[in-house]
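As a plain string of letters, each chain reads:
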Amino acid sequence: MSTAMIFVGLILSTILATASNSWLLAWLCLELNTLSILPFISKTKHPRAIEAATKYFLTQATASCLLLLAGTSNAWLTGTWDMTQMSNKLTSTTMLIALTMKMGTVPTHFWLPEVLQGSTLLTALLISTWQKIAPMSLLFIMSNNIQPTFTLTLGLLSTTFGGWGGMNQTQLRKMMAYSSIANMGWTVITLTHEPKASMINIFTYIILTTPTFLLMALTSTKTLQNMTTMWSTSPLATTTMTLLLLSTAGLPPLTGFLPKLIIMNELVTQNLTPLATMAMMTSLLSLSFYLRTTYLTTLLNPPSSATSATKWRQKMTKNKTMILLPTATASTFMMPALIP
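Not measured: the values here are computed from a predicted model. Starting afresh in each chain, residues are numbered from 1 along the sequence in its written order. Per-residue local features of the predicted model are confined to residues with pLDDT of at least 70, and side-chain atom pairs are confined, for both listing and counting, to 80 or more; whole-chain, interface and lining totals are unaffected and use all residues. Just so you know, side-chain values use all the structure's heavy atoms and leave hydrogens and water out.

Chemist: Where do I start with the overall build of the protein in this structure?
Modeler: Helical segments are the DSSP runs of H or I of at least four residues, strand segments are the runs of E of at least two, and each set is numbered from the N terminus. Each helix and strand in the protein was counted, giving 16 helices and 0 strands. Burial here depends on accessible area, computed with a 1.4 Å probe over protein chains only, as a share of the maximum for the residue type. Under 20% is buried, over 50% is exposed, and the range in between is partly exposed. Taken across its 340 residues, the protein has 55% of its residues classed as buried. By definition in these notes, contact holds between two residues if any of their heavy atoms fall within 4.5 Å. Looking at the protein alone, contacts between residues at least 24 apart form 78% of all its contacts between residues at least 6 apart. For the accessible areas, the method is Shrake-Rupley and the probe is 1.4 Å, while residue cover comes only from the protein chains on display. A total accessible area of about 14700 Å² is found for the protein, and carbon and sulfur atoms account for 70% of it.

Quick look at the structure:
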């Protein structure tokens, strides 16, 4: 019962923050959102989980302080808490830093890999997807008042460090954390020029990440070593995981390629071709660790000899696999439906 109430609070706080038009109400909803997710992070009663919950709380509290400072300063300057009245450059930049800290972009990204590693796979799914909806919605509302140079710099740095950070990871949750940082970079990089493209990117990322984490949870896969023996659980799940990872990497004609194509087109339209070229080059860093993961997943199948002992897992029933079928299909072959 208590878990259900906390989960309802998590959902309602995000919906209210998304629908709010006042910075004060948005701040209250984001605080409720932070307090609602903390019991899920620390539920396992493991020192690593407690550490992750503490890091998450401190980071989100710092971001909330910056958000309240920016909102109060803007209300003092303009006489209103309205989100669309962010004409002052200092307050809008401070608000941008606060919201990007909540989302986990460079340079305030260091908390995300550690928090995901200390959480369960389902909790990591919530942090990587649902927890980004409210801050992204607030950024969308104030996108007209954000400095373009600042968002372009944050976006390019996020795509670079997200790709570099994930290359040397053997833990899948940390790898997905750096993937999240890189995808948030693609979202922020075009926020001021074409906010709708940013929203397409973030929601496509959520659609891709949800079945990926669910497959990891169903197959008890947490490391790259586990990926080498994932075929023993379900060949269908292995194939689906491969398509999801390649789609997240942005390979055509899969779904993940479309947001990058739209963003690249917008950057070239804005005469930012050098920046678009650099962003595409940084995406190759992310592609490298995605391809490494798909190689371990698909090319080490029988009759090849396994490089490690097969991990004990519960047998996956057909019903569990069928649950993921609609979301996985939408995540890989939804490209025509997203073309504006």
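Let's pick the thread back up.
Chemist: I keep staring at the environment of Met5 and nothing clicks. Help me out?
Modeler: In this structure, Met5 sits in helix α1 (residues 2-19). Judged by relative accessible area, Met5 falls into the exposed class, the value being 57%.

Chemist: Would you explain the packing of helix α2 (residues 23-41) against helix α3 (residues 47-78) in this entry?
Modeler: Packed helix pairs are specified by the crossing angle of their axes together with the interaxial distance, meaning the distance between the axes. Think of each axis as a best-fit line through the C-alpha atoms, taken over the contacting stretch in the case of a helix, with angles from 0 to 180 degrees between the N-to-C directions. Two numbers describe how α2 lies on α3: the axes approach to 10 Å, and their chain directions differ by 180 degrees. On the basis of the axis angle, α2 is roughly antiparallel to α3. Residues Trp23, Leu24, Trp27, Leu30, Glu31, Thr34, Ile37, Leu38 and Ile41 of α2 form the contact with α3, whose own contacting residues are Ala49, Ala52, Ala53, Tyr56, Phe57, Gln60, Ser64, Leu67, Leu68 and Gly71. The nonpolar class holds Ala, Val, Leu, Ile, Met, Phe, Trp, Tyr, Cys and Pro. Asp, Glu, Lys and Arg form the charged class, and all remaining residues, Gly among them, are polar. In the contact of α2 with α3, the residues fall into 14 nonpolar, 4 polar and 1 charged. Here the word oblique covers every angle except those under 35 degrees (roughly parallel), over 145 (roughly antiparallel) and from 65 to 115 (roughly perpendicular).

Chemist: I would appreciate a short explanation of the nonpolar core in the present structure.
Modeler: If you look at soluble globular proteins, the nonpolar side chains tend to sit buried side by side. Joining through side-chain atoms within 4.5 Å is the link that ties buried Ala, Val, Leu, Ile, Met, Phe, Trp, Tyr and Cys residues into a set, and such a set is a nonpolar core. Ranked by size, the top nonpolar core spans 39 residues in total, and within it Ile37, Ile41, Tyr56 and Ile127 carry the most contacts. For this core, the element with the most residues is helix α9 (residues 172-189), which contributes 6 residues. Those domain boundaries reflect an automatic or database domain assignment. For this core, the domains that each give at least three residues are domain 1 (23-139) and domain 2 (147-339). Counting residues in each nonpolar core, the second largest holds 29 residues, with Met86, Leu138, Val188 and Met199 among its members.

Chemist: Help me out: how do you make sense of the pattern of salt bridges in this one?
Modeler: Oppositely charged side chains may form a pair once their charged atoms are brought near each other. By definition, a salt bridge exists where a carboxyl oxygen of Asp or Glu is found within 4 Å of a side-chain nitrogen of Lys or Arg. For the coordinates displayed, the defined rule picks out 4 salt bridges. A salt bridge links Glu51 to Lys55, with the nearest nitrogen and oxygen atoms 2.9 Å apart. On the criterion of helical spacing, the pair formed by Glu51 and Lys55 is a turn pair, its members being 4 residues apart in helix α3. Overall, Lys55 belongs to the partly exposed group, its relative accessible area being 28%. Salt-bridge contacts for Lys55 lead to Glu114; the nearest nitrogen and oxygen are separated by 3.9 Å. With Lys55 in helix α3 and Glu114 in helix α5 (residues 111-117), this pair connects stretches of sequence that are 59 residues apart.

Chemist: Would you explain the confidence of the model for the protein in this entry?
Modeler: Interpreting fine coordinate detail is not advised for predicted regions of low pLDDT. The pLDDT value expresses, per residue, how confident the predictor is, ranging between 0 and 100. Overall, the predicted model of the protein reaches an average pLDDT of 86, with 88% of residues at or above 70. Within the model, pLDDT remains below 50 along residues 336-340, and this stretch shows 5 contacts once partners closer than five positions in the same chain are excluded.

Chemist: Is there a simple way to think about the UniProt feature "transmembrane region" (unreviewed entry) in the protein in this case?
Modeler: UniProt positions are given in the numbering used here, feature names are shortened, and annotations may be inferred rather than shown by experiment. With numbering aligned to this structure, UniProt lists the feature "transmembrane region" (unreviewed entry) at residues 57-78, 90-112, 146-164, 199-218, 230-252 and 321-339. Annotated as 70% helix and 0% strand, the span residues 90-112 places its first and last C-alpha atoms 26 Å apart.

Chemist: Please clarify how the packing of aromatic side chains should be interpreted in this entry.
Modeler: To describe a pair of aromatic rings, one takes the distance between the centres and the angle between the planes. Each pair of aromatic rings taken from Phe, Tyr and Trp, with Trp reduced to its six-membered ring, is defined by centres within 6.5 Å and is described as stacked if the planes are under 30 degrees apart, edge-to-face if over 60, and tilted in the remaining cases. Taken as a whole, this structure holds 3 aromatic pairs when the rule is applied. Seen from their ring centres, Phe7 and Phe40 are 6.3 Å apart, and the 80 degrees between their planes marks the pair as edge-to-face. With a gap of 33 residues between them, Phe7 in helix α1 and Phe40 in helix α2 connect regions that are remote in the sequence. Aromatic pair Tyr56 and Trp111: ring centres 5.6 Å apart, planes at 70 degrees, arrangement edge-to-face. Of the two residues, Tyr56 sits in helix α3 while Trp111 sits in helix α5, which places them 55 residues apart along the sequence. Judged by relative accessible area, which is 2%, Tyr56 ranks as buried. A relative accessible area of 7% places Trp111 in the buried class.

Chemist: Quick question: what am I supposed to make of a nonpolar patch on the surface here?
Modeler: Patches here are clusters of residues that have more than 30% relative accessible area and form no salt bridge, with a 9 Å joining cutoff for like charges and a 5 Å cutoff for nonpolar side chains (Val, Leu, Ile, Met, Phe, Trp, Tyr). There is a patch of nonpolar side chains on the surface, built from Val8, Leu12, Ile15 and Leu16 and spanning about 350 Å² of accessible area. Tracing the backbone through its elements, the reader meets Leu16 in helix α1. Judged by its relative accessible area of 46%, Leu16 is partly exposed.

Chemist: How should I be thinking about the side chain of Ser179 in this particular structure?
Modeler: Its place among the elements puts Ser179 in helix α9. Those residues in contact with Ser179 that sit more than four places away from it in its chain are Tyr205, Thr248 and Tyr290.

Chemist: Where do I start with unusual backbone geometry in this structure?
Modeler: For residues besides glycine, phi is generally negative; the peptide bonds are generally trans as well. Geometrically, the link from Val106 to Pro107 is a cis peptide bond, its omega value of 5 degrees lying close to zero. One non-glycine residue, Lys45, adopts positive backbone phi at about 60 degrees. The phi dihedral of Asn271 is positive, around 60 degrees, even though this residue is not glycine. Structurally, the position occupied by Asn271 is in the loop between α13 (257-269) and α14 (273-298).

Chemist: Help me out: how do you make sense of the environment of Gln169 in this one?
Modeler: Its location among the elements puts Gln169 in the loop between α8 (148-167) and α9. For Gln169, a relative accessible area of 16% corresponds to the buried category. A sequence separation of 120 residues divides Gln169 from Phe289, and the C-alpha atoms of the two residues are 8.4 Å apart. In contact with Gln169, other than residues within four places in its own chain, are Lys174, Met175, Tyr178, Leu224 and Arg292.

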